[in-house]
Every structure is written in structure tokens, then in C-alpha cells.
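# Coordinate analysis (summary)
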Amino acid sequence: MTPTGRLAFAVAALMCSVAAAQAQEDDVVKIGVLTDMSSLYSDIGGPGSVAAAKLAVEDFNPAAHGMKVEVISGDHQNKPDIGANLARQWYDVDHVDVIVDVPTSSVALAISEITREKNKVFLGSGPASSDLTGPKCSPNTIQWTYDTWMLANGTGKAVVKTGGDTWFFLTADYAFGQALERDTTKVVLANGGKVLGSVRHPLQTSDFSSFLLQAQASKAKIIGLANAGGDTVNAIKQGAEFGVTSGGQHFAGLLVFINDIEALSLKTAQGLVLTETWYWDMTDANRAFTKRWQASRPGKFPSMVPAGVYSSVIHYLKAVAALKSDTDGRAVVAKMKEMPTDDALFGKGSIRADGRKLHDAYLFEVKAPEESKYPGDDYKLRATIPAAEAFRPLKDGGCPLIGG
Amino acid sequence: MFEVFGIPSQALFGQLLLGLINGSFYALLSLGLAVIFGMLDIINFTHGAQYMMGAFAAYLLLHHIGIGYWQALVIAPILIGLTGVLIERLFLKHLRNLDPLYGLLLTFGLGLVIEGLFRNYYGSSGLPYQVPEALQGGRNLGFMFLPNYRAWVIVLSLAVCFATWFAIERTRLGSYLRAATENPVLVRAFGINVPRMVTLTYGFGVGLAALAGVMAAPIYNVSPQMGSDLIIVVFAVVVIGGMGSIMGAILTGFALGIIEGLTKVFYPEASNTVIFVIMAIVLLIRPSGLFGRSA
Amino acid sequence: MERVIEPPVLARQRETSWSLTAAFVVMVAIFAIGPFVVYPVFLMKALCFALFACAFNLLIGYVGLISFGHAMFFGWASYVTAYAAKSWGWPPELAIIVGTAAAAVLGVVAGSLAIRRQGIYFAMITLALAQMLYFFALQAKFTGGEDGIQGVPRGHLFGVFDLSNEMTMYFFILVVFLAGFLLIYRIINSPFGEVLKAIRENEQRAISLGYKTERYKLVAFVLSATLAGLAGSLNSLVFQLASLTDVHWSMSGDVVLMTLLGGLGTVFGPVVGAFLVIAMENYLAPFGQWVLVIQGAIFVVCVLLFRRGIVGELAQVLRVQL
């Protein structure tokens, strides 16, 4: 054979083998935990979410259903392009069927688009922006744990009702922060309050001094922190340094997790009012889960995000088992919406047509150091907001999937 | 309360003071860079990483050995300065006769290596470092509440800057250094160990960066990327001040900190870019910088 | 004092040598077969960056100017193309043209400011300008700030070719890359290119011979910026996303790394360098920050030991032109 002939033969053989490989049906359900492993939100999601996903798979017991399930993880570093690249590669090359977690709304929005394009499933336990079930809703996406509307209505309303009627916002300048500021502003105004001003800061800011100065100058009673993770912690710490609270103003942490409270210490954080949809110390089932979870995360406590990962993965696997297939993302999501949810952590609940998972929300107040009896005993329950009221009404979302 | 161009004076003075505090860091860091460039013709892109290492040294000294802030102020710069000496001996020495852009590329690469190693080990969220007891709290100045620690930053950096300037411009050692830059061969002929002076000078510049890092630790989170974004601004400061001029670097550092603070009051959207705009303008009108020797 | 760029052996020959043709054929063959063997999206990314690096190399390899701000051209073209394709609904060919044109305009503005200075000052001005544009991108409404412009449609090329098919998109990118590559080659080996090389060798003498060197340098700068912009435009369509990463200074550092590693001033160096760096970033992504460490180490090693870069060393050893 001539050299050219040999080359042509080799190429043809290669092409055949590649084509053959793709024709195979893949019988493994692959779950990709895409999260922030090393920066701003790594304590809230990160390795903790991976641990939760693995616990969920364990509890589901794939062998009993005749299924094989694999969990992989990746770090999106809070950057939409890195997250999008990884998701694309996972879907195209690594045969991942579902992506879960994704704290950071800007990345989540990108993942939602790609998931729709590739007809896979996205279960966002981490992202906050209510746009994911609003104008950007998708038949392949379910927003699981919380969203900015719920936070605004939980924390925002409670604070305004107790006298915090003038606000100044410190907002993280991206999808999530802007959504949170927007949703909270609506609530404040609807309840007779006033917004005196706002300032946008870049994501992952280490020095809040000039922003805090502006907040102090506004003389607003409440400084609303429309940010999360490390940014919230820094703002509160530096606020103490600059005498914000001794000057009579209060911080309202619009999205605060138990990990932030642990980072701040009860001494600094006491009295802070916040809304979460899950707390490790509320039921025996929660405590049992936390104990198992802590095997891989000693000394830390799970926030509602890993709990949401656990819950979403279990429900997904149940839907796949019922359908006996994982290839059609839309079909799986439709099944998940059809089946009522029931798991050890969130109890009974349901998923709405716009992709919104519904469950109760809780208004917590951070305990004072004297009130805390053991590590992690950080919250006392102030109020329970039933699922029907906690989330934005279906008709108000502007989701194209719903008639209006 | 009076108003200046519609901005209440309270906000103005507050941001000016914050600008002065930021300026202190700019001044300290650009001083180190100016010393290194002025004396050695090396553009030290590793400066940001060395600043970061100073902050980490303070953190590690506290958490692993129990050595507090005040001792760290002295120990960390010496430690990191020694790493600087190592860098000079191992790498920079070989580039003495090449185009300075090679030095830039090498120090840039070293900076990436250092930042990458720290990021690998510590992740990129910040590590906490407490303000030392003696400097906690603050005083209400009427127009703003000034934390004591931030006031200390201004005082210390002014002192260090002045001391360095004095040492280089007014002492005999300083004059040896300056002579060695002009004409190393001749100075060597006088029996002065020029290579050793070069190495120690680099180490000193690096030590200055590390000192700034220790000072920054309680205010900014100690994180692996704390240096990389700051360093570009500092380069702009050095270029504006004049690449070889010590006094130029110091004055420009403080001045630009204040200008940045003013911009935050009047036109906050431009506050990130104002220093670069000034740099571009200065380079076009006076290429050697405001105080520099001729290009 | 050693110049930043050492022209590879025999670089002064004007005629196309056999080694260049051979290398070109090999390159085309590899790229033609590539997408059937390797993940096409990875290759598309490598091609975009190879074009970016070639454009950068035009400036440093043949004019002797090191720009630390090339991300501004790559990134802003990327934003403009993404915006045109998404918000104005323009077809891909028009979106790419307007993105590239934006980079060209930016190149004229930045170039006329930066060209007046040399060496380190030139590098600092380009860095400063790029930082200004980064912060502008951070705050401008249309760029989407931290979120970037997402969900950019690839559209139908000339109304006929459906670019959402990965293979179709790949071959389109390949064609554009080869066109850009050949264009750069043509520029280098033309009377214009000869003047550029003369300016790099000894600007004073070129001036004394009557050449308006400033003008030549500016044209080269704008050409480099435009082609870098073309690379950025293509990139935003491949990933259907334009984000802050594209205008960040680390992107400028990346392209310097690719060109240095591949070989400054060689024809194929930037291509090889781009592929190696992208491959490394891809395979090391699960290992988080080792990418940074290795990139830095490559810089150090190259500057100390391999100043000619991989292709440059190869050319030296084989005594051919590459």
C-alpha cells in the first residue's frame, strides 16, 4: 500500500472507531457537581456539596434499582466562562447527565442555557437569582433550595416590619446581587419603607471601607447586604471596625449561611436576622445527616445548599428509576415535576411548572454567645413561612413556559 | 457641614483619609519597586507575590508559632527579603546583560509560580488576621470614624518611606549604591563589592514589599491573589513618579491614593481607571515620569 | 546588549523555503483530521488562540514591540461580536466583521498613544490602556459585567451553514484561521515586512534612509490588533459567551506565554505555543491552580534557557526556517 493509501486507511479506521464509540448507549447515570471549590463560596457549596451528593447516592441505593450511578465534581471558580466550558465538556465528552449545585448565579444562568441546548438536566441548589424560574426559566432546569424573591420577602419584610424602614444597599455587582437588591427594594417599598441609596461593589472585594463610608453617610437605619459568602463576612467585619453598628445602623444580611455565622463568630453576628430553608439542628433526620456529612467535613456545618443537593439528587434518581432512562433531560424534569418530593431533609414538597421547588422557609435569628450550648448551635427560630407564601406567585414570574 | 461641588464635606474628608491610607500602600510598594528598578534596572513583577508572602508570613507566624503582629513587622520582611536574595542569586544574576524585558518576563513568571503555589495550598478565599490589641478601636473625628489601625498604617509608612529615602539619598551607603548603578566597573575598581550590593538591594526592595504585606494583613484578607491586582496599579504609580526616582515614587504613591479617593466621591465609576488615565497622559507628555531621570 | 528577539537562523531569506511549506502542509493535515480524533471544541479554542498568538507575534517578532495589553483587542472584539449576534440578531459573518472592526479602531487609538514610546514604556502603556478597558468592561451595561454576554447564538453562516453543528463550526474556524495565518505570512514577506524588520534591527538607520518609522509601526500595531480581534470574535461564537476573562490582564499574559514558549519571531512558533498552553490548561483544569504554577515555570525556564522557544530551537537545530 502506498503511504497515502495507508494514511487514508488509518483515518478511515479511526473515524469508524470513534463513530462506533458514540453509538454505544451509556448505562451509567453520571452526576456532575459543579461548584466553587476554592474561593468565595467554597464553604457554602464546594466539597460539602460533593459530600452531600455522594450521601444521596448512597441512600438511594442504585444497586437495588438496577442502576449504576457515578458522581464527579468540578470547580467553576465563579467564572461563567470556566463553568460553561466545563459543562460543555462534561455533556459532550464525559457523558454527564445532570449538573447539580452551581452556587453563583452568573454561572448558573450560563449552565441553564447549555443544559437546555444539550437537553440534559440542571438542578440548581446553589444559585440565588429568581430569574432562573422567571424570564430565564427552562424545561431542563429546576431551582431547588432558595431564591432572591424568597430571601427578600423573608428577611426584608421582617426587618421593615420591626422598624427598619430606611435602607442603603451594598450590592455585589452581578446577576445575583442585582436581583436581590431589586427584589428587596420592591418589598421595602411595598411595606412603607424607603431606599436612600445603593452602591455596587465588584465580586470578591477585600476592602469595603469606601463603600461603608457611603453607607454611613446616607444615615439609613438598615444597610442591606445584597451579597454573599466572603463578601458578606468582610463587610460585617469591617463595619464593626468602622463603627457602623455603634453609630446606630444595623446590617441586614440578605443571604447569610451558617458558614458565614461560624466565620464571623456569634459575638459579631448575634442578633442578625436571616432566612434559610433548612437548619441542621431542627430535626433528628437533619442531625443524623449532618453527623454523616461531617465525616468528610470535620468541624463544619452544612448550610441549606448541600442539603438541597442531597434532596435534588435523590428526587432525580427516583425519577430516572421510574422512567428507566436518563437520556431525555426534558422528560426527566417533567417526571420530577409530576412526582411529589419526599426526602429525609426537606420532607414532603413539590416542584412547580416553572421549575421552582417548593418548601417551607424559616426566619432565624442568630443566638448570642451565652445562648449557644454547643458548636453549631447558632440559630433560634423566629417564624416559619409556609411554602405557599414563601416563594413568588407563579403568575408574577414572567416565565415563558407558563401561559402568560 | 459645608458642601464642595454638591458633595457633603463629611463624605469628602472621609474618602480623602481613606485615599491617604490606600496611598500609604501604594507608596510603600512603589518605593520597593523604584529602589529595585533605580538601582538594578530590573522590573520586578514578582513584587505583588512578595507583598502577599509578607502577609502570609505574618499569618503563619501567628498561627503556627504564635509570634504576633509586632514581631512579624520585623521578622517577615527579613524572611521574605532572604527569599528575594535567593531569587537574585539564582535567576536575576543571569539576566544582567540582557534586555530588561527578559527580567520582566522572568519576574512575571516567578510571580505566577508563587501565587499558584499559595493558591493550591490555601484556596483563594481569604484567611483572617486580627488587628493587634493595642491598635483596636478608633476615634470619631467628627467627619468620620477612623480606626486606630488605619491611622497607624499612615504613620508607619511615612516613617519607612522617609527613612529609606534618607538612607539612599543622604548616606554614604546610599551614595555607593547610586554610584554603582551609574558605573559598576569603576565602583568595583574602588574595592566595593558591587554584586553583593546588588543582591542586598534587591533583598531590601523585596523586604519593603513584605512589610507592606504585614501591614495589610489585618485590613485586607490574607489571600494568595491580594498582590496581583494591586501590582498593576503600583506599576502605574512608579511609571508616573519616574522609574528611578525614590522621592518620586513616594510622593506619587500618596498623591495618587488621594486622587483615587477624590474620584470615588465625585465620579465613583472612574475610580478604578483614573490612575491609568493619569499614567497614559504623563507618559505622553513627560516620558520619564514626573520626577524621573531622563529616559 | 542582547535584543529581545533573536532572529532564527537564516531568517533573512526572502524566498519561501521548503521547510516552511512542509510545515504548513503538516499543520493543515493535522487540523483537518483533528476534529475526528479530539474534542472539536477544544481544537476550536486552540485555533482561536493560535490566531491570537500569531497576531501578537507580528508585533513582537517582527517589530520588536512587546505589548502587555493585547487582551483589550481580543476581549472587546469578543464583546462586540457577542452583542451584535445576540442583541441585534446579526448573522455570524457580520457580527465577526463588526467585532474585528471594533478591534481595529481600538488598535488605532491605542497604537497612536503607545507607539511614541519604546521598550518597557511601550509595554506599560499598553498594560495601562488594557486595564482601563477592563474596568470599563466591568461597569458597562452592555457587557454584562461579571455575568458576561451569555447565550450568544452561532447562527447560520451566509444563511446557509448551520454553525451550531460542531463540525461545521470547526471547519469554518479552521478556514478563517488559515486565512489569517497566511495573511500574516504575506505581511511578513513583503516590502512592508522588510521595512519592519529593518526598524527592529536599527530604527535610527531606517529613519536616516527616509522611512517614516512611526507610521510603519502604527500600521503593524493596528494589523496585530485587528487580527487579535478576529480571534476574539471567533472565540465568542465558539463558546457562545463573552466574559471578563477575555479582557483581563492574565489573558494578555497568556498570549505572551504562548508566543514565548513557541518561539518569538518564528512563523509556526505561536501556533505550537498556543496549542501547548491550551492543552495544558485543559488537562490540568481538575488540578486547580497547578496551571498557574506551570505557566510561571514555563516563563522562567524559557527566559533562562530557551529564549528561542520550542520552534525556534528546532529551527536552530535543524538549520531550517520555521
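Because the structure is predicted, anything quoted here is derived from the model rather than measured.

Conventions adopted
Residues numbered from 1 in each chain as written. Chains lettered and ligands numbered in written order. Predicted model: local features only at pLDDT ≥ 70, side-chain atom pairs only at ≥ 80, totals over all residues. Helix = DSSP H or I, 4+ residues; strand = E, 2+ residues; numbered from the N terminus. Rg over C-alpha atoms; globule rule 2.2 N^0.38 Å. Buried ≥ 20, exposed ≤ 12 C-beta atoms within 10 Å, placed from the backbone. Contact = placed C-beta atoms within 7 Å. Domains from an automatic or database assignment. Nonpolar A, V, L, I, M, F, W, Y, C, P; charged D, E, K, R; others polar. Pairing = 2+ DSSP bridges. Expected span 1.5 Å × (residues − 1). Bend = angle between axes of the 7 residues up to and from the residue. Axes fitted to C-alpha atoms, helices over the stretch in contact; angles between N-to-C directions. pLDDT = per-residue confidence, 0-100.

## Digging into the overall build of chain A
A tally of regular secondary structure across chain A gives 14 helices and 15 strands. Its C-alpha atoms give chain A a radius of gyration of 23 Å, near enough to 22 Å, the size a compact globule of 404 residues would have. Viewed in the frame of its principal axes, chain A has a C-alpha envelope of about 85 × 45 × 45 Å.

## Describing the overall build of chain C
A count of helices and strands for chain C gives 13 helices and four strands. For chain C, whose C-alpha radius of gyration is 19 Å, the value lies close to the compact-globule estimate of 20 Å for 322 residues. Overall, chain C is about 50 × 40 × 40 Å in size when its C-alpha atoms are taken along their principal axes. Evaluated residue by residue, chain C yields a buried proportion of 56% over its 322 residues. Excluding contacts between residues fewer than 6 apart, the proportion of contacts in chain C whose partners are at least 24 apart in sequence is 77%.

## Remarks on the domain arrangement of chain A
Residues and elements named next belong to chain A. Per the domain assignment, the segments of chain A are domain 1 (28-146 + 282-359) and domain 2 (149-276 + 361-390). Taking only C-alpha atoms, the centre of domain 1 and the centre of domain 2 are 26 Å apart. Listed by partner, the interface residues are 20 residues for domain 1 and 23 residues for domain 2. Sorting elements by how many residues they give to the side of domain 1 that touches domain 2 places helix α4 (residues 105-118) first, with three residues. Looking at the side of domain 1 that touches domain 2 residue by residue, the class counts come to nine nonpolar, nine polar and two charged.

## With respect to the interface of chain A and chain C
Each side of the interface is counted separately: chain A has 24 residues, and chain C has 17 residues. Here the side of chain A that touches chain C gets seven residues from one element, more than from any other, and that element is helix α3 (residues 80-92) of chain A. The residue makeup of the side of chain A that touches chain C, split by class, is 13 nonpolar, four polar and seven charged.

## Observations regarding the interface of chain C and chain B
The interface is formed by 36 residues belonging to chain C together with 37 residues belonging to chain B. For the side of chain C that touches chain B, the element with the most residues is helix α5 (residues 119-139) of chain C, which contributes 13 residues. A class-by-class count of the residues in the side of chain C that touches chain B yields 24 nonpolar, eight polar and four charged.

## Observations regarding the pairing of strand β9 (residues 250-253) of chain A
Relative to β9 of chain A, strand β8 (residues 222-226) of chain A runs parallel, the two being bridged by four bridges. Paired with Ile223 of chain A across the strands is Phe251 of chain A, a residue of β9 of chain A.

## Overview of helix α9 (residues 226-241) of chain B
All names here are of chain B. Across its 16 residues, α9 extends 23 Å between first and last C-alpha, which sits within 8% of the 22 Å expected from 1.5 Å per residue. At Ile232, α9 shows its largest kink, close to 25 degrees. When you tally the buried positions in α9, you get 14 out of 16 residues, the bulk of the element. Residue Gly242 follows α9 closely and has a positive phi angle near 110 degrees.

## Brief notes about the sheet that holds β9 of chain A
All names here are of chain A. One open sheet holds the four strands; their spatial order is β7-β6-β8-β9, and the pairing between them is parallel. At either end of the open sheet lies a strand with only one pairing partner, and these are β7 (194-201) and β9. Going from strand to strand, the sheet's axes swing by 25 degrees on average, the running direction of each strand aside. Sheet analysis places strand β6 (residues 166-172) next to β7, joined by seven bridges and oriented parallel. Within β7, the position partnered with Thr171 by the bridge is Arg200.

## A word on the environment of Ser157 of chain B
Summarising the element assignment, Ser157 of chain B is placed in helix α5 (residues 148-170). In contact with Ser157 of chain B, not counting residues within four places along its chain, are Ser24, Ala27 and Leu28 of chain B.

## Quick word on helix α6 (residues 166-188) of chain C
Residues and elements named next belong to chain C. For α6, which comprises 23 residues, the first-to-last C-alpha distance of 33 Å matches the rise-based estimate of 33 Å (1.5 Å per residue) to within 8%. Taken together, the buried positions of α6 are occupied by Met169, Tyr170, Phe172, Ile173, Phe177, Gly180, Phe181 and Ile184. Check the buried side of α6 and you find it contacts α1 (18-37), α2 (40-62), β2 (156-157), β3 (161-162) and α9 (213-239).

## Details of the confidence of the model for chain A
Low pLDDT marks stretches whose predicted atomic positions should not be read closely. Residues of chain A with pLDDT of at least 70 account for 93%, and the chain-wide mean is 87. Considering only residues more than four positions removed or in separate chains, one finds that residues 1-25 of chain A, a stretch of pLDDT under 50, has six contacts.

## Some points on unusual backbone geometry
Residues and elements named next belong to chain A. A positive phi angle is found at Asn119, which is not glycine, with a value near 55 degrees. Mapped onto the secondary structure, Asn119 falls in the loop between α4 and β4 (121-124). With phi around 80 degrees, Ser265 is a residue other than glycine that occupies positive phi space.

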